[in-house]
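# Coordinate analysis (summary)
The lines below spell out each chain.
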Amino acid sequence: QVQLVESGGGLVQAGASLRLSCAASGRSIGTYTMGWFRQAPGKEREFVAAIRSSGSFTYYADSVKGRFTCSRDNAKNTVFLQMNSLKPEDTAVYYCAADRGYNGAYYESWIYDYWGQGTQVTVSS
């Protein structure tokens with residue numbers, strides 16, 4: 001079993017930056033694909049970003065491309081989401097997730113085996 005704990009969320013103004021962290025425990029996530037998803041009130045959970053085990057490949061939703069950067073430190077069993085130029089529409093609960101396999105559908109929430117509890121990000125205009 002893997003436990004994931006997100007941190008780093010908060011209330012910021014538009015244009016500001018935040019760095020989310022996802023700390024894993026229970027076992028190493030070094031071979032896992034890690035994903036970030038978000039869910040705004042009244043909306044479905046949506047894909048934000050994903051990073052393969054080596055960190056060499058990253059993927060982003062069009063809505064965050066160029067503003068968000070996903071990275072990982074396998075030695076620390078932690079994944080990060082650097083969010084720059086935040087917009088009010090980025091307001092949501094952000095979740096990290098871990099996929100034990102190497103699934104091509106990294107943007108699909110159903111492929112992920114473990115989820116964190118989420119961290120709230122609120123961006124005011």
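First, a word on what this report is: a plain description of the structure on this page. Fair warning: this is a prediction, and the values are worked out from it, not measured in the lab.

### Some thoughts on the sheet that holds strand E8 (residues 78-83)
Working definition: the strands of a sheet are paired by backbone hydrogen bonds and lie parallel or antiparallel to each other. Strand order in the open sheet formed by 4 strands is E1-E3-E8-E7, and the pairing between neighbours is antiparallel. Both outer strands of the open sheet, strand E1 (3-7) and strand E7 (68-73), are each paired with one neighbouring strand and no more. Taking each pair of neighbouring strands and ignoring which way they run, the sheet shows an average axis angle of 15 degrees. With 5 bridges joining them, E1 and strand E3 (residues 18-25) adopt antiparallel strand pairing. In the sheet register, Glu6 faces E3, and the bridge partner there is Cys22.

### Some points on the pattern of salt bridges
All chains considered together, the criterion is met by 5 salt bridges. Note that Arg38 and Asp90 form a salt bridge whose closest N and O atoms lie 2.9 Å from each other. On the criterion of sequence distance, the pair formed by Arg38 in strand E4 (residues 33-39) and Asp90 in the loop between E8 and strand E9 (92-99) is long-range, its members being 52 residues apart. Pair check on accessibility: Arg38 and Asp90 agree, each one buried. Put simply, Lys65 and Asp62 hold a salt bridge, and the shortest N to O gap is 3.2 Å. Of the two residues examined, Lys65 and Asp62, each falls in the exposed class. One network of salt bridges, with partners in common, ties together Arg38, Glu46, Arg67 and Asp90.

Calculation notes
Residues numbered from 1 in each chain as written. Predicted model: local features only at pLDDT ≥ 70, side-chain atom pairs only at ≥ 80, totals over all residues. Heavy atoms only, no water. Pairing = 2+ DSSP bridges. Helix = DSSP H or I, 4+ residues; strand = E, 2+ residues; numbered from the N terminus. Axes fitted to C-alpha atoms, helices over the stretch in contact; angles between N-to-C directions. Salt bridge = Lys/Arg side-chain N within 4 Å of Asp/Glu carboxyl O. Buried < 20%, exposed > 50% of the residue type's maximum accessible area, 1.4 Å probe, protein only.

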